[in-house]
Amino acid sequence: MAQVFWPALSCVLAFAMGALTDSVALGAQVKQVPVEYESVGGHGLGLGNTGAASLVGPSSVRVNPALLALEKQYQLYGGYNWPGAGREFYQVGVVDSKTSSIAAGVMYTGYMDDYKYRDELKSAEEGLDSPIVRRGVVGIAKTLSKVSVGLGGHYIEGEGLATDRETGQALGRTNGIGLSGGIAALLTPAIRVGASAENVSNKKIADYAPTTYRGGLAYIMAEGNVVAGVDYRQRDRVEYFEASRPDPLNPDASDDDLMDSPERMGFVSLTARIQNFLRFLGSYGQSLSDERRSLSGGMAVVQDKFSLSYSISKPHLKHEPLHQSVNLA
């Protein structure tokens, strides 16, 4: 049954996204970071990797560590991702908010294949492969009355982005640790707000974990079975991926207004749990700083002791590649 269901669901969601967009082939340079940079794991892909006030569980380790303390749970998580460009990657993690008054979570991202070095003259699609070797994120949170506060750490190990112009081989490998933090609060029993900041301390790894600010509002309905969200995300640009590539015939030409300001996006999202065992997720994102739009969706089968979800996303509606993931928690 599963061999038929998941591919069928993938085709339906992909067709729906294609019908809503005017996609063009990824032949020209795409000014966006690899999808792994934004992937927060868990159900996050189905919500556009946002949810600063709503996304509890493994995804909150990155999105907003303060949310770790909102639900009493012990959860193991594993997910596999098929990005539209670049290597496939996996994410594993654990969240424990039961055994202590301080909730904690950890998330690890790794790859099955080695990074393929490239020079600036290869295709844009190859250029969107993430240079990450391994990414680890940890978060802790504590609830104080109606307010929850969280702290996090981001460890990065990645291949060098500077390349030898003759061989195209990366020069060196980068690693480092950055600090994150977040806060969440109930304004009313039905309205929750949250805000977070990711990697605000280490510019050395900014090209691998760009400083990102998130803010959101969640409206909780039907005893928590339906959650509507509005989110704002601001991310620093990554020059290696988002700046114009030098023209080999005119290497001194460099006029790129995109790099003058961070990427700013607004999102609307909805999560609905039906019959207590099915959960549907969806999100639409609109850039406030350029032409980017995104669309995401997903479905999860939820039981008392586990959940199995499939999510699909078009991180950039003007381009064909889809990002897909399957997650078990």
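Everything below is about the structure printed above this text.
Here the structure is a predicted model, which is why all the values come from computation and not from measurement. (Residues numbered from 1 in each chain as written. Predicted model: local features only at pLDDT ≥ 70, side-chain atom pairs only at ≥ 80, totals over all residues. Heavy atoms only, no water.)

A. A look at the overall build of the protein chain. When you go through the protein chain residue by residue, the secondary structure sums to five helices and 14 strands. Scored against the burial criterion, the 329 residues of the protein chain give a buried share of 50%. Considering only residue pairs separated by 6 or more positions, the protein chain has 56% of its internal contacts joining residues 24 or more positions apart. Of the roughly 15,400 Å² of accessible surface on the protein chain, a fraction of 58% belongs to carbon and sulfur atoms. (Helix = DSSP H or I, 4+ residues; strand = E, 2+ residues; numbered from the N terminus. Buried < 20%, exposed > 50% of the residue type's maximum accessible area, 1.4 Å probe, protein only. Contact = heavy atoms within 4.5 Å. Areas by Shrake-Rupley, 256 points an atom, 1.4 Å probe, with all protein chains shown as cover.)

B. Summary view of the pairing of strand β9 (residues 226-235). Side chains V227, G229, D231, R233 and R235 of β9 all project onto a buried face; the interleaved residues V226, A228, V230, Y232 and Q234 project onto a face where none is buried. Judged from the ten bridges that link them, strand β8 (residues 212-221) and β9 form a sheet pairing that is antiparallel. If you follow Y213 over to β9, its bridge partner there is Q234. Remark: four residues form the turn of the hairpin made by β8 and β9, two consecutive strands paired antiparallel; A222 in that turn has positive phi of roughly 50°. (Pairing = 2+ DSSP bridges.)

C. Quick look at the environment of V302. Mapping V302 onto the fold places it in strand β12 (residues 293-302). Between the alpha carbons of V302 and I274 there is a distance of 9.9 Å; along the sequence they are 28 residues apart. Sequence-distant contacts of V302, that is, excluding residues within four places in its chain, are made with R273, N276, F277, R279 and S307.

D. Quick peek at a nonpolar patch on the surface. Taken together, the side chains of L144, V147, V149 and I183 present a nonpolar region at the surface, about 290 Å² in accessible area. Among the structural elements, I183 can be located in strand β6 (residues 173-188). (Patch = residues over 30% accessible without salt bridge, like charges linked within 9 Å, V, L, I, M, F, W, Y side chains within 5 Å. Salt bridge = Lys/Arg side-chain N within 4 Å of Asp/Glu carboxyl O.)

E. Broad picture of the packing of aromatic side chains. Applying the stated criterion across every chain, the model contains five aromatic pairs. Measuring from ring centre to ring centre gives 6.3 Å for Y90 and Y108, while their planes differ by 45°; the resulting arrangement is tilted. Taken as a pair, Y90 in strand β2 (residues 89-96) and Y108 in strand β3 (residues 102-111) lie far apart in primary sequence, 18 residues in all. For Y90, a relative accessible area of 23% corresponds to the partly exposed category. Each ring, one from Y240 and one from F241, has its centre 5.0 Å from the other, and the planes form 85°; the classification is edge-to-face. (Phe/Tyr/Trp six-rings, centres within 6.5 Å; stacked < 30°, edge-to-face > 60°.)

F. Molecular detail of the nonpolar core. Counting 15 residues, the largest nonpolar core has Y37, I132, I156, Y208, V238, Y240 and F241 as its most contacted members. Going through the elements one at a time, α2 (35-38) and α5 (239-242) are the ones with two or more residues in this core. Listed in part, the nine residues of the second largest apolar core include A69, Y77, V95 and M107. (Core = buried A, V, L, I, M, F, W, Y, C linked by side-chain atoms within 4.5 Å.)

G. Molecular detail of the environment of Y111. Here Y111 is to be found in strand β3. Each C-alpha atom of the pair Y111 and E88 lies 6.6 Å from the other, and the pair is 23 residues apart in sequence. A polar contact of 3.3 Å, which involves the side chain of Y111, links it to the side chain of S130. (Polar contact = N/O pair within 3.5 Å; in protein donor to acceptor, adjacent residues only side chain to side chain.)

H. Summary view of the pairing of β2. Pairing of strand β1 (residues 74-82) with β2 involves eight bridges; the strand directions are antiparallel. Its bridge partner being in β2, Y74 is matched across the sheet by D96. Counted between consecutive antiparallel strands, the loop separating β1 from β2 contains six residues, among which G86 sits at a positive phi close to 95°. One ladder, built from eight bridges, connects β2 with β3; its direction is antiparallel. Across the sheet, G93 pairs through a bridge with M107, a residue of β3. Between β2 and β3, which pair antiparallel one after the other, the connecting turn spans five residues.

I. Representation of the pattern of salt bridges within the structure. Following the criterion strictly, the structure yields 16 salt bridges and no others. For E159, the salt bridge is made with R173, and the minimal N-O distance between the two is 2.8 Å. Of this pair, E159 sits in strand β5 (residues 147-159) while R173 sits in strand β6, and the two are 14 residues apart along the sequence. The closest approach of N and O atoms between R292 and E263, which form a salt bridge, is 2.9 Å. Here R292, found in the loop between β11 (278-287) and β12, pairs with E263, found in strand β10 (residues 263-274); they are 29 residues apart in sequence, far enough to count as distant. Grouping residues by exposure puts R292 and E263 together as buried. Through salt bridges with shared partners, a single network forms among E38, R233, R235, R237, E242, E263, D290 and R292.

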